[in-house]
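# A look at the structure
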Amino acid sequence: MASKAIALRTPLNLALAFGLLAATAALSVAPTFAADCPAGQAATTDIQEHPSKPVGVTDTVLSAIDLSPKGEAWKGNMLRLRKLVVQPGGVVPWHEHTVRPANIIVVEGSITEYASTCKVGIEHPAGDVTAEFGQLAHWWKNNGKVPAVLYSADILPPAMHNDHMM
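Residues numbered from 1 in each chain as written. Predicted model: local features only at pLDDT ≥ 70, side-chain atom pairs only at ≥ 80, totals over all residues. Heavy atoms only, no water.

The protein carries the name Cupin in an unreviewed UniProt entry, which gives Mesorhizobium album as its organism.

Printed below as a string of structure tokens:
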């Protein structure tokens, strides 16, 4: 897994970074909201095996903003924008979102989400947008034949600052 941070130094760079996420959505298939767990497949407990390490994933931090100047409640939090490329057979490992909200857009390929709240995988094709927050734990796998490209915007709390947080 490769990770690279680009510091934002001007409001223009900030606008460009988040404009990239909006432009990507506009250029791809019209964004849709994330698919839900199919009827009758909801789970109340984690019944799946899940991977703990990434496989075939390039995670590039495109921008990161220290939110500390916004006040004490934001001290140490980072707003970041990342590009993830998941190769065929690649895996974004098990992680949860109780303290790290994220928005994801799939811009190329497709990827399958395996959530703790669903007994079966949930397919996310290009153009799909997911909001991740709260009591959600999951992992992703590219079951397709082409790389899946995703953009992720998240708020990273201080306790989670490291190069390996998916």
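### With respect to the state of the cysteines
Going through the model one piece at a time under the given rule, you end up with 1 disulfide. Across the disulfide from C37 sits C118; the S-S distance is 2.1 Å. Disulfide C37-C118: the torsion about the S-S bond is 80°, which places it as right-handed. Taken together, the residues C37 in the loop between β1 (32–33) and β2 (55–66) and C118 in the loop between β5 (110–115) and β6 (122–125) connect sequence positions 81 residues apart. Of the residues examined, C37 reaches a relative accessible area of 24% and is grouped as partly exposed. (Disulfide = S-S within 2.5 Å. Helix = DSSP H or I, 4+ residues; strand = E, 2+ residues; numbered from the N terminus. Buried < 20%, exposed > 50% of the residue type's maximum accessible area, 1.4 Å probe, protein only.)

### Details of the pattern of salt bridges
A complete count under the given rule lists 4 salt bridges for this structure. Between R100 and D154 there is a salt bridge whose closest N-O contact spans 2.8 Å. In this pair, R100 is assigned in the loop between β3 (78–96) and β4 (102–108) and D154 in strand β9 (residues 148–156), connecting sequence segments 54 residues apart. By relative accessible area, which is 1% here, D154 ends up buried. Via salt bridges that share partners, D59, R80, R82, R100 and D154 belong to a single interconnected network. (Salt bridge = Lys/Arg side-chain N within 4 Å of Asp/Glu carboxyl O.)

### Some thoughts on the pairing of strand β7 (residues 128–132)
The alternating pattern of β7 places D128, T130 and E132 on a buried face and V129 and A131 on a face that is not buried. In this sheet, β7 lies alongside β4 in antiparallel orientation, the contact comprising 4 bridges. Looking across to β7, one finds that I105 is bridged to V129. (Pairing = 2+ DSSP bridges.)

### Some thoughts on the nonpolar core
Grouped together as the largest cluster of nonpolar side chains are 10 residues: V57, L84, V86, V92, I104, V106, I111, W140, A148 and L150. Secondary-structure elements contributing two or more residues to this core are β3, β4 and β9. Leave out the neighbours within four places in its chain, and L150 touches R82, K83, L84, V86, I104, I105, V106 and I111. Within the second largest apolar cluster, 5 residues are counted, among which are V85, I105, V107 and V149. (Core = buried A, V, L, I, M, F, W, Y, C linked by side-chain atoms within 4.5 Å. Contact = heavy atoms within 4.5 Å.)

### As for the confidence of the model for the protein
For the protein, mean pLDDT is 80; residues scoring 70 or higher make up 73% of the total. Across residues 1–33 the pLDDT falls below 50, and counting only partners more than four positions away or on other chains, this stretch makes 54 contacts in the model. (pLDDT = per-residue confidence, 0-100.)

### Description of the environment of A115
Relative to the elements of secondary structure, A115 occurs in strand β5. When its relative accessible area of 1% is taken as the criterion, A115 is described as buried. Distance in space between the C-alpha atoms of A115 and A42 is 9.6 Å, their sequence separation being 73 residues.

### Remarks on the side chain of T112
As for its position among the elements, T112 is in strand β5. Residue T112 is classed as buried on the basis of its relative accessible area of 6%. One polar contact links T112 to N143, side chain to side chain, over a distance of 3.1 Å. In this structure, T112 is in contact with G121, I122, E123, W139, W140, K141 and N143, ignoring residues within four places of it in sequence. (Polar contact = N/O pair within 3.5 Å; in protein donor to acceptor, adjacent residues only side chain to side chain.)

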